[in-house]
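Survey of secondary and tertiary structure
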Amino acid sequence: MELYLDTSDVAAVKRLARIFPLAGVTTNPSIVASGKTTIDRLLPELHSALGGQGRLFAQVMATTAEGMVEDARKLRSIVPDLVVKVPVTAEGLAAIKLLKAEGIPTLGTAVYGAAQGLLAALAGAEYVAPYVNRVDAQGGDGIQTVAELQQLLTLHAPGAKVLAASFKTPRQALDCLLAGCESITLPLDVAQQFISSPAVDAAVAKFEQDWQTAFGQTSL
């Protein structure tokens, strides 16, 4: 199982990389734009925040297959082992095929349906990213979409992985993992919820209080 952070916040990545068993960081154009750091500066900073380890994901901006391929080459010139995110449009599918032929790993993104995700995998995408919460927001079932996509990949494209994205709650992420999803990427607020709980804090405080009462100190 691979755990990623979905962010452009370098300081947060550095802080959470010390805590979480991170496989890397994913970004998209909106996330990068929110941080107002150019991609050529941001990607090396994220790589450094991960301790020089882990995979980075960044997205093309062009809308034609040929343009996407050029964008992919530019991104890989910044971080050589970067995974290129390509929207699963008609042109995106053509681009994924071209990039596969060049040996450039891709992630098919903006996936709202299992069939769409399967096409990305069959075209050569290494990862496929269904948007769980966004599917829910459109009246669909994001978890069911992930489950169906995972089953399709297992049957027909076992070399590809579901990398589920777009979460609002930890429960959504856990349900994806229970559905067999091999990878998830979490926004910072959801990642923080995994390790923040008033009940846990209260339990630790009670341990300290009892120890202090018995031994007059909180250390061993």
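Once a new chain begins, its residue numbering starts again from 1 and follows that chain's sequence as written. Only residues with pLDDT of at least 70 are given local features in this predicted model, and only at 80 or more are side-chain atom pairs given and counted; all residues enter the totals for whole chains, interfaces and linings. Working from all heavy atoms in the structure, the side-chain values ignore hydrogens and water.

Labelled according to an unreviewed UniProt entry, the protein appears under the name Fructose-6-phosphate aldolase, originating from Trabulsiella odontotermitis. We quote the UniProt Function (unreviewed entry) comment for the protein here in full: "Catalyzes the reversible formation of fructose 6-phosphate from dihydroxyacetone and D-glyceraldehyde 3-phosphate via an aldolization reaction." UniProt positions are given in the numbering used here, feature names are shortened, and annotations may be inferred rather than shown by experiment. For the record of the protein, the UniProt heading Sequence similarities (unreviewed entry) holds the text "Belongs to the transaldolase family. Type 3A subfamily."

Attention shifts here to the layout of surface pockets. Reported here for the largest pocket is a volume of approximately 320 Å³. With a 1 Å grid spanning the protein atoms alone, the term cavity applies to any set of points in which a 1.4 Å probe fits but cannot get out, the term pocket to an open set with protein on both sides within 12 Å along at least five of seven lines, and the term lining residue to any residue with an atom within 4 Å of a point. Along the walls of the largest pocket sit 20 residues, with Asp6, Asn28, Arg134, Ser166 and Phe167 positioned nearest its centre. Listing elements by their share of the lining of the largest pocket, those giving two or more residues are α2 (29-35), β5 (106-111) and α7 (132-137). Grid points are joined across faces, edges and corners, and a volume is the space filled by probe spheres set on the points. A volume near 210 Å³ is recorded for the second largest pocket. In this structure, the second largest pocket is lined by 13 residues; those nearest its centre are Ile39, Gln59, Val60, Met61 and Leu75. Strands here are runs of E lasting at least two residues and helices are runs of H or I lasting at least four, both read from the DSSP assignment and numbered beginning at the N terminus. Only α2, β3 (55-59) and α4 (65-78) provide two or more residues apiece to the lining of the second largest pocket. Per-element accounting of the lining of the second largest pocket gives the leading share, four residues, to α4. The residue makeup of the lining of the second largest pocket, split by class, is eight nonpolar, three polar and two charged. Residue classes follow a fixed rule: Ala, Val, Leu, Ile, Met, Phe, Trp, Tyr, Cys and Pro count as nonpolar, while Asp, Glu, Lys and Arg count as charged, and any other residue, Gly among them, counts as polar.

Structurally, the position occupied by Asp71 is in helix α4. Although Asp71 is buried, it forms no salt bridge, and the closest oppositely charged side chain is Lys74 at an N-O distance of 4.5 Å. Pairs of N or O atoms are called polar contacts if they sit within 3.5 Å, as long as, within protein, a hydrogen donor faces a hydrogen acceptor (for residues adjacent in sequence, only side-chain-to-side-chain pairs). Among the polar contacts listed, one links the side chain of Asp71 to the backbone nitrogen of Ala62, at a separation of 2.8 Å. Ignoring sequence-local partners within four residues, the contact set of Asp71 consists of Val60, Met61 and Ala62. Exposure classes here rest on a 1.4 Å probe applied to the protein chains alone. A residue is buried below 20% of its type maximum, exposed above 50%, and partly exposed in between. Counted as positive: Lys and Arg. Counted as negative: Asp and Glu, with His and the chain ends omitted from the count. Salt bridges, as used here, are contacts in which a Lys or Arg side-chain nitrogen is within 4 Å of a carboxyl oxygen on Asp or Glu. Contacts: residue pairs with any heavy atoms within 4.5 Å of one another.

Further remarks concern the pattern of salt bridges. Taken as a whole and judged by the stated rule, the model has seven salt bridges. Arg41 is the partner of Glu45 in a salt bridge, and the nearest nitrogen-oxygen pair spans 3.8 Å. Remark: Arg41 and Glu45 occur in helix α3 (residues 39-49); sequence separation between them is four residues, near one turn of the helix. On the accessibility criterion, Glu45 (31% relative accessible area) is partly exposed. Note that Arg73 and Glu102 form a salt bridge whose closest N and O atoms lie 2.4 Å from each other. You can see Arg73 sitting in helix α4 and its partner Glu102 sitting in helix α5 (residues 90-102), a full 29 residues away along the chain. Taken together, the salt bridges that share partners define one network made up of Glu70, Arg73 and Glu102.

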